[in-house]
Amino acid sequence: MTTYSEAVFGNIGWGEFMVLLVAALVILGPERLPGAVGWVTKTMRQVRDYASGASQQLKDELGPEFDDLRKPLADLNELRGMSPRAVITKHLLDGDDSILTGNFDGTPPKNGSTPAEKPLTAGERPPVDPDAT
């Protein structure tokens, strides 16, 4: 869940915020800083109102088709939090991860891992797959 400070300032931490505040104080001076802060807050409020008004207007004009537009965007937002392997498994392989795990017979792997291969002994050459070369 996004907090209010994250929504307003993004990923700016308190340290960066203090540096910006000191820079603004040096650049603008103490007499113009309160007016600049007031202008910035008023402008941010107007931008937020315009954005919410535009969103509401879009909902009103598109009606039920607005939900059809939001679904792909929600799917993309869901993909942002997934690992690349999960994305491939879910969307490209339709949930079948046997090609990634090597488990083609359908039995669940032991301990949630792929079947282990026997390690090569000293001086042993790895097997060659003529179809792969």
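Please read these numbers as outputs of a predicted model, since none were measured by experiment.

Digging into the packing of helix 3 (residues 33-62) against helix 4 (residues 65-80)
At a closest axis distance of 7 Å, the pairing of helix 3 and helix 4 adopts a crossing angle of 120 degrees. In terms of orientation, helix 3 and helix 4 fall into the oblique class. On helix 4, the residues touching L58, K59 and L62 of helix 3 are E65, F66, L69 and R70. Considering only residue class, the contact of helix 3 with helix 4 consists of four nonpolar, no polar and three charged.

Brief notes about the packing of aromatic side chains
One pass over the structure, following the stated rule, counts one aromatic pair. Seen in terms of ring centroids, W14 and F17 are 5.9 Å apart; in terms of plane orientation they differ by 90 degrees. Their pairing is edge-to-face. A residue pair is termed a helical-turn pair when its members lie 3 or 4 positions apart in one helix, as W14 and F17 do in helix 2 (residues 14-28) at three residues. For F17, a relative accessible area of 27% corresponds to the partly exposed category.

Conventions adopted
Here the residue index of a chain counts from 1 through its sequence in written order. The model is predicted, so local features are restricted to residues of pLDDT at least 70 and side-chain atom pairs to those at 80 or more, both for listing and for counting; the totals for chains, interfaces and linings are taken over all residues. Calculation of side-chain values draws on the structure's entire complement of heavy atoms; hydrogens and water are dropped beforehand. To obtain an axis, a line is fitted to C-alpha atoms, over the contacting stretch when the element is a helix, and the angle between two such axes runs from 0 to 180 degrees between their N-to-C directions. Runs of E in the DSSP output that reach at least two residues are strands. Runs of H or I that reach at least four are helices, and both are numbered from the N terminus. Angle categories: roughly parallel below 35 degrees, roughly antiparallel above 145, roughly perpendicular from 65 to 115, and oblique for all the rest. Should any heavy atoms of two residues lie within 4.5 Å, those residues are considered in contact. Residues are grouped as follows: nonpolar covers Ala, Val, Leu, Ile, Met, Phe, Trp, Tyr, Cys and Pro; charged covers Asp, Glu, Lys and Arg; every other residue, Gly included, is treated as polar. When the centres of two rings from Phe, Tyr and Trp lie within 6.5 Å, Trp using its six-membered ring, the rings pair. Their planes under 30 degrees apart give stacked, over 60 give edge-to-face, and anything left gives tilted. Buried residues are those whose accessible area, probed at 1.4 Å on protein chains only, stays under 20% of the maximum for their type, while exposed residues exceed 50% and partly exposed ones sit between those limits.

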